[in-house]
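# Working through the structure, step by step
Listed below, chain by chain, are the residues.
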Amino acid sequence: MTAAPDTHVAAAAARPGEAGQRPLDVVVVTVRFPSAAETFVTSRVRSLLDLGHRVRVLAFRTPEEGWTRFLRERRLEGTPVVHNGTGPTVSGVLAALARPALAARALAWLVRTCRREPVHLWRALAVLPFAFWALARLERDTPDVVHLEWGHYPSVLVPLVRWRGLPCVVSLSLVAYDIYRGFPGTRTAAALADVVRTQARGNVPEIVAATGLSADRVELVPDGVDTERIAGIARAVDKVPGRVAVVSRLVPAKGVDDALRAFAAARERHPDATLRVMGTGPEEEPLRSLAAELGVADAVTFLGHVSHDDVLRELAAADVLLHLSHMERLPNAVKEGMASGCVVITTRTIGIEELVEDGRTGYLVDVRDHAAAAAALTRALAEPAEHAAVRAAAEALVRETMDHAASVRKLVGLWRRALVARGRGETVGVGQATHADITG
């Protein structure tokens, strides 16, 4: 078990809540915290702390190497965070044994819901001890809100909280990975949650199909970006003509190989163009080899892990952001690229039309169509002045619809509304659940 010291609690208590309201006590439940490749969770925690709320983090997996450095980079030193590990697992098993009826109920629920999908069953069983450990912790110090950033395997905690009758609001995020993962227990968790949110309108039909919720039960709360901070950084950085950026984990599904192929084709027309790749992953060496094979190794720089502030500086300096992921939905890298004044070239994935209108706020190409990406990149590099309107429209769209501060305020407002409902003895959302969903 690893934990950062609880130094934010006193500081949070000394700050007023938003609009003079009582600060909330929030437990954020996630998979890994912090994650090098995901900034939206840490950004949300940072904003909640800045608003004066008490925030604790429970992470269902062991920490990444260098996690304390990520906390420093993201101004989260001292945030109380506990990761899964041997200690919590052993304690969780003991907590489950101390609650035999609840443990039997949880096991019966998982076996029933996952009986046709044994892989899901084994993975859920693997994290169940940590869920029991987290439940015991929540019983000792019950927060106002338990907010789950992911709706797949961490969602096994939701029925435990509800079946024990804890009075806290339960808030559940359902985003792209949760939809792709398809964990059957998500249906129960969504039925029992007070607040269910997603980050893109395009996700709603799939969430409705997977959970049985009505569409009006799914709240749209974007994973926003800090538009004010991005604008400040961009004002201090000059664009480098011909510079292209990639921000991505280096794994096959992110399409970085397609980006290299598109860049190599465009460079035939623009020999002074350069590409800077930010991110780490198992594909780094194959991608370096591909750059050499394509004859562009001299023009491609692999920067590895880059702090979030430095990512924003790199985007501010780039003319173009290439983001050719095969499956992401409204990725933050695209939002940040648009807010930083890049011409964004990205793939047609679910929900992307909420950000990119082809030819007006960026360019859309089909997944794996690196030839079309190369044509769009060639056009963007050849006509930088003609793309001023595209950049301006993109910046305005992100500022108006994807601002991080506005998203956090909306989420907190949903939590407060749910707390009021619980104070009246109501259970928000139960009317949408089936008897089996609620009873387990």
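What counts, and where the lines are drawn
- Residues numbered from 1 in each chain as written.
- Predicted model: local features only at pLDDT ≥ 70, side-chain atom pairs only at ≥ 80, totals over all residues.
- Heavy atoms only, no water.
- Phe/Tyr/Trp six-rings, centres within 6.5 Å; stacked < 30°, edge-to-face > 60°.
- Helix = DSSP H or I, 4+ residues; strand = E, 2+ residues; numbered from the N terminus.
- Buried < 20%, exposed > 50% of the residue type's maximum accessible area, 1.4 Å probe, protein only.
- Lys NZ or Arg CZ within 6 Å of the ring centre and 35° of its normal.
- Core = buried A, V, L, I, M, F, W, Y, C linked by side-chain atoms within 4.5 Å.
- Contact = heavy atoms within 4.5 Å.
- Salt bridge = Lys/Arg side-chain N within 4 Å of Asp/Glu carboxyl O.
- Pairing = 2+ DSSP bridges.
- Right-handed = clockwise from strand over helix to strand, strands pointing away.
- Axes fitted to C-alpha atoms, helices over the stretch in contact; angles between N-to-C directions.
- Expected span 1.5 Å × (residues − 1).
- Polar contact = N/O pair within 3.5 Å; in protein donor to acceptor, adjacent residues only side chain to side chain.

### Some remarks on the packing of aromatic side chains
Here the structure, examined in full by the defined rule, presents six aromatic pairs. Look at Phe60 and Phe130: their rings are 4.8 Å apart centre to centre, the planes differ by 70 degrees, and that puts the pair in the edge-to-face class. With Phe60 in the loop between strand E2 (54-59) and helix H3 (67-73) and Phe130 in helix H6 (residues 118-140), this pair connects stretches of sequence that are 70 residues apart. With respect to burial, Phe60 and Phe130 carry one shared label: buried. Among the aromatic residues, those joined into a ring-pair cluster are Phe40, Trp150 and Tyr177. In this structure, Arg329 is placed above the aromatic ring of Tyr180, and the distance from its NZ or CZ to the ring centre is 4.7 Å.

### Side note on the nonpolar core
Phe60, Leu110, Phe132, Val156, Leu157, Leu160 and Val161 are the most contacted members of the largest nonpolar core, which has 50 residues in total. Here this core gets 12 residues from one element, more than from any other, and that element is H6. Those residues in contact with Val161 that sit more than four places away from it in its chain are Leu135, Leu138, Leu166, Cys168 and Val170. One finds Val277, Ala291, Val343 and Leu381 within the second-largest nonpolar core, a separate group that totals 33 residues.

### So, the pattern of salt bridges
Summed over all chains, the structure comprises 28 salt bridges. For Asp141, the salt bridge goes to Arg54, with nearest N and O atoms at 3.1 Å. Here Arg54 lies in strand E2 and Asp141 lies in the loop between H6 and strand E4 (145-148), a separation of 87 residues in the sequence. Asp141 gets classed as partly exposed once you look at its relative accessible area, which sits at 30%. Residue class for Arg54 comes out partly exposed when judged on its relative accessible area of 22%. Asp194 is paired through a salt bridge with Arg422; the nearest N and O atoms lie 3.0 Å apart. You can see Asp194 sitting in the loop between helix H9 (185-192) and strand E6 (195-198) and its partner Arg422 sitting in helix H18 (residues 404-423), a full 228 residues away along the chain. A relative accessible area of 19% means that Arg422 is categorised as buried. Overlapping salt bridges, with partners in common, bring together Asp25, Arg54, Arg56 and Asp141 in one network.

### Notes on the pairing of strand E5 (residues 169-173)
Among the five residues in E5, five count as buried, and that is most of the element. Neither face of E5 is exposed, since Val169, Ser171 and Ser173 on one face and Val170 and Leu172 on the opposite face are all buried. In the sheet, E4 pairs with E5 via four bridges, with the strands oriented parallel. Residue Val145 lies in a different strand from E5, and its bridge partner there is Val169. Once the chain exits E4 it traverses helix H7 (residues 157-163) before rejoining the sheet at E5, and the crossover so formed is right-handed. Direction of pairing for E5 relative to E6: parallel, over a ladder of three bridges. Opposite Ser171, over in E6, you have Val195 as the bridge partner.

### Here's the deal with the sheet that holds strand E8 (residues 243-247)
Strand order in the open sheet made by the six strands is E10-E9-E8-E11-E12-E13, with parallel pairing throughout. Edge positions in the open sheet fall to strand E10 (300-304) and strand E13 (363-365), since each of these has one partner strand only. Recorded for the sheet is a direction-independent mean angle of 20 degrees between the axes of neighbouring strands. Relative to E10, strand E9 (residues 274-278) runs parallel, the two being bridged by four bridges. Bridge pairing in E10 places Val277 opposite Phe302.

### Remarks on the pairing of E10
A one-sided burial pattern is seen for E10, the buried positions being Val300, Phe302 and Gly304 and the unburied ones Thr301 and Leu303. This β-α-β element, E9 to helix H13 (residues 284-293) to E10, shows right-handed connectivity.

### Digging into the environment of Val320
Residue position: Val320 is located in strand E11 (residues 320-323). Exposure remark for Val320: the relative accessible area of 0% places this residue in the buried category. Linking Val320 and Leu275, residues 45 residues apart in sequence, is a C-alpha distance of 9.4 Å. With near-sequence residues (within four places) excluded, Val320 lies in contact with Arg243, Val244, Ala245, Cys342, Val343, Ile345, Leu377, Ala380 and Leu381.

### Topic: helix H17 (residues 388-401)
Compared with the 20 Å implied by 1.5 Å per residue over 14 residues, the 20 Å span of H17 between its first and last C-alpha is a close match. When H17 is considered as a whole, its buried residues turn out to be Val390, Arg391, Ala393, Ala394, Ala396, Leu397 and Val398.

### Digging into unusual backbone geometry
Cis rather than trans, the peptide bond between Phe33 and Pro34 has omega equal to -10 degrees. Within the secondary structure layout, Pro34 lies in the loop between strand E1 (25-30) and helix H2 (40-50). If you check the backbone angles, Arg75 has positive phi at about 60 degrees while not being a glycine. Its place among the elements puts Arg75 in the loop between H3 and strand E3 (81-83). One non-glycine residue, Leu330, lies in positive phi territory at about 50 degrees.

### Focus on the side chain of Arg267
Note on placement: Arg267 falls in helix H12 (residues 256-267). Overall, Arg267 belongs to the buried group, its relative accessible area being 18%. At 3.4 Å, the side chain of Arg267 and the backbone oxygen of Ala273 are in polar contact. With near-sequence residues (within four places) excluded, Arg267 lies in contact with Ala273, Gly295, Val296, Asp298 and Ala299.

### What to know about the sheet that holds E3
Strand order in the open sheet formed by seven strands is E3-E2-E1-E4-E5-E6-E7, with parallel pairing between adjacent strands. Each edge of the open sheet is held by one strand with a lone partner, namely E3 and strand E7 (218-220). In this sheet, neighbouring strand axes are inclined to one another by 20 degrees on average, regardless of whether the strands run parallel or antiparallel. On the sheet, H2 packs against E1, E2, E4 and E6 and is oriented at approximately 155 degrees with respect to E2.

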